[in-house]
Amino acid sequence: QVVTDVIVDSMTVFNVQLTPNQYQWRIKGTNSEFETPFSTASFSVVGNDDFQDNTVNLTSPQDGLVTNMGEFTLMWDAIDAATQYRVEIQDNSDQSIVAEGESAKNSFPYTFGEGDFTWRVRAEKDGQFTLYSSRNILVDTTDPNIPTLLTPTDGFISTSQSVYFTWDREPMGGSTELDSLYIYRDMKLTDLVEKQQVTSGYTTTLDNNVYYWTMRAFDLAGNESGTAEIFTFTVNE
């Protein structure tokens, strides 16, 4: 019987909760074209007489998730003999408990508001309970502010093919925010010359021509701003 079959990316550790039994596990390395032979080992899981020594293995959502969606089903592996699980949601801004509940299943539906949270779960049975296992989640549903274009100013004529771009934007907080700069050759913004993810002033070399530039802001949660106004400039070295 296959208990679990997963692909583990970019790490060498995998956690799973198992009931007492005899097991064999195997692993192979793969890339886009090749794979290694399996390496295999056997082991036993014996009964745990002290219920409190069990560890709740959280499975979803992933630890450290940054998202613009708040609705989740919190999930974890079941603990043998557990009768219920206690769930707590902590707001990390002030360490307050904003929600708590009990579940007879190894899942708990919850909708997070905007903010930085820790969710944790412990297993319980007949007055005994395990330690809490916890994960963090950052929920950011607010779009970044629209960047304000500074230089080159609208209508600017550059006598150098090296053009320096600057802008301003008030950060919103929450997840990390990034700016994207777009340079076009046409007013309809269809002939893209260059697109760059930028964090401060940016310099590029352009041929003699008329150009149009604009910007948008994004964050790691998946939110994005509207498009900034469009400035035109000419390179005439």
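Placed above this text is the structure.
Residues numbered from 1 in each chain as written. Predicted model: local features only at pLDDT ≥ 70, side-chain atom pairs only at ≥ 80, totals over all residues. Heavy atoms only, no water.

**What about the side chain of Asp179?**
For the record, the criterion: In this description a helix means any DSSP run of H or I spanning at least four residues, a strand means any run of E spanning at least two, and both kinds are numbered starting from the N terminus. Between buried and exposed lies partly exposed: a residue is buried under 20% and exposed over 50% of the maximum accessible area for its type, with that area taken using a 1.4 Å probe on protein chains only. Any pair of N or O atoms that falls within 3.5 Å is considered a polar contact. Within protein, one atom must be able to donate a hydrogen and the other to accept it, and sequence-neighbouring residues count only if both atoms are side-chain atoms. Only heavy atoms matter for contacts: two residues are in contact if any of them lie within 4.5 Å across the pair.
The residue Asp179 is located in strand β15 (residues 177-184) in this model. Given a relative accessible area of 5%, Asp179 falls into the buried group. Of note is the side chain of Asp179, whose polar atom sits 2.7 Å from the side chain of Arg169. Discounting residues that sit within four places of it in the chain, Asp179 has contacts with Pro147, Trp167, Arg169, Gln196, Gln197, Val198, Met215, Arg216 and Ala217.

**Brief notes about the sheet that holds strand β3 (residues 58-60)**
Formally: By the convention used here, strands pair only if DSSP detects at least 2 bridges between them. A fitted line through C-alpha atoms represents every axis, and for helices the fit uses only the stretch in contact; the resulting angles, taken between N-to-C directions, go from 0 to 180 degrees.
Pairing in this open sheet of three strands is antiparallel, and the strands run β3-β5-β8 from one edge to the other. One side of each edge strand has no neighbouring strand; the edge strands of this open sheet are β3 and β8 (107-111). Recorded for the sheet is a direction-independent mean angle of 30 degrees between the axes of neighbouring strands. Of the strand pairs in this sheet, strand β5 (residues 71-76) and β8 are connected by five bridges, and their pairing is antiparallel. Across the sheet, Met75 pairs through a bridge with Ser107, a residue of β8.

**Details of the environment of Glu102**
As for its position among the elements, Glu102 is in strand β7 (residues 96-103). In sequence terms Glu102 and Val163 are 61 residues apart; their C-alpha atoms lie 60 Å from each other. Once you skip the residues sitting within four places of it in the chain, Glu102 turns out to touch Gln84, Tyr85, Arg86 and Phe108. Polar side-chain contacts of Glu102 include one of 2.8 Å to the side chain of Arg86.

**Some remarks on the sheet that holds strand β18 (residues 209-219)**
Spatial ordering of the open sheet is given by β13-β19-β18-β15-β16, a layout of five strands whose pairing is mixed. Among the strands making up the open sheet, the edge pair consists of β13 (156-158) and β16 (192-198). Across this sheet, the average inter-strand angle for adjacent strands is 25 degrees, counted without regard to direction. Summarising the sheet, β13 and strand β19 (residues 231-235) pair through three bridges and their orientation is parallel. Across the sheet, residue Ser158 finds its bridge partner in β19, namely Val235.

**Structural notes on the layout of surface pockets**
Condition: Here a cavity denotes grid points, spaced 1 Å and computed from the protein atoms alone, that fit a 1.4 Å probe unable to get out, and a pocket denotes an open set having protein on both sides within 12 Å along at least 5 of 7 lines; residues with an atom within 4 Å of a point are the lining. Grid points are joined across faces, edges and corners, and a volume is the space filled by probe spheres set on the points. Three classes are used, and their members are as follows: Ala, Val, Leu, Ile, Met, Phe, Trp, Tyr, Cys and Pro are nonpolar, Asp, Glu, Lys and Arg are charged, and the others, Gly among them, are polar.
Put simply, the largest pocket is a space of about 1,200 Å³. Thr4, Asp5, Val6, Trp25 and Arg26 are the residues nearest the centre of the largest pocket, which is lined by 30 residues in total. Counting only elements with at least two residues in the lining of the largest pocket, the list comes to β1 (21-27) and β2 (39-45). Tallying contributions element by element places β1 first for the lining of the largest pocket, with seven residues. The residue inventory of the lining of the largest pocket, partitioned by class, reads 15 nonpolar, eleven polar and four charged. The volume enclosed by the second largest pocket comes to roughly 400 Å³. Lining the second largest pocket are 16 residues, and of these Met11, Val13, Phe14, Asn15 and Arg135 sit closest to its centre. Tallied by class, the residues present in the lining of the second largest pocket amount to eight nonpolar, four polar and four charged.

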